[in-house]
Amino acid sequence: MSALTIEGLKEILNEAAGEDDSFKAGQNILDTPFLELGFDSLALLETVALIKRKYGVAVGDDELAHIDTPRDLLAKVNGDLAA
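Cut-offs and rules
- Residues numbered from 1 in each chain as written.
- Predicted model: local features only at pLDDT ≥ 70, side-chain atom pairs only at ≥ 80, totals over all residues.
- Heavy atoms only, no water.
- Core = buried A, V, L, I, M, F, W, Y, C linked by side-chain atoms within 4.5 Å.
- Buried < 20%, exposed > 50% of the residue type's maximum accessible area, 1.4 Å probe, protein only.
- Helix = DSSP H or I, 4+ residues; strand = E, 2+ residues; numbered from the N terminus.
- Contact = heavy atoms within 4.5 Å.
- Polar contact = N/O pair within 3.5 Å; in protein donor to acceptor, adjacent residues only side chain to side chain.
- Expected span 1.5 Å × (residues − 1).

As for the nonpolar core
Counting 21 residues, the largest nonpolar core has Leu4, Leu9, Phe34, Phe39, Ile51 and Leu73 as its most contacted members. Elements represented by at least two residues in this core include exactly helix H1 (6-17), helix H2 (41-55) and helix H4 (70-82). By residue number, the principal contributor to this core is H2, which donates five residues. If we skip the residues at most four places from it in the chain, leucine 4 touches Leu9, Ile12, Ile51, Tyr55, Leu74, Val77, Asn78 and Leu81.

Right under this line is the structure:
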């Protein structure tokens, strides 16, 4: 399976939030904490559930506790995809 890109992650985040186009085109969110983006723990659980469904990568609750930014989540998912 191909790597999860930031654009793909933005789509998943929008889907998890139940909103369309939450992020502006070209907006750099890689190092913005999820809380600043408006994603609480429930929204992140929905996000990782969508990632598991679409990419087959599971993110455990203990791992999720250490994932603060989209960059962290992309590293986890793409690391598992590469393995």
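Quick look at the side chain of lysine 76
Note on placement: lysine 76 falls in helix H4. Residue lysine 76 is classed as buried on the basis of its relative accessible area, which comes to 16%. In terms of polar contacts, lysine 76 uses its side chain to reach the side chain of glutamate 63, at 3.0 Å. If we ignore the near neighbours within four places in the chain, the residues touching lysine 76 are Ala58, Val59, Glu63 and Ile67.

Regarding H2
If you check H2, its first and last C-alpha atoms are 20 Å apart, about what 15 residues at 1.5 Å a residue would give, namely 21 Å. Looking at the buried residues of H2, the elements they touch are H1, helix H3 (61-64) and H4. At the N-terminal end of H2, a side-chain oxygen is found 3.2 Å from the backbone nitrogen of leucine 42, two or three residues along, and the residue is aspartate 40. Just past H2, the residue glycine 56 takes up positive phi, approximately 75°.

Any link to function would need more than the numbers given here.
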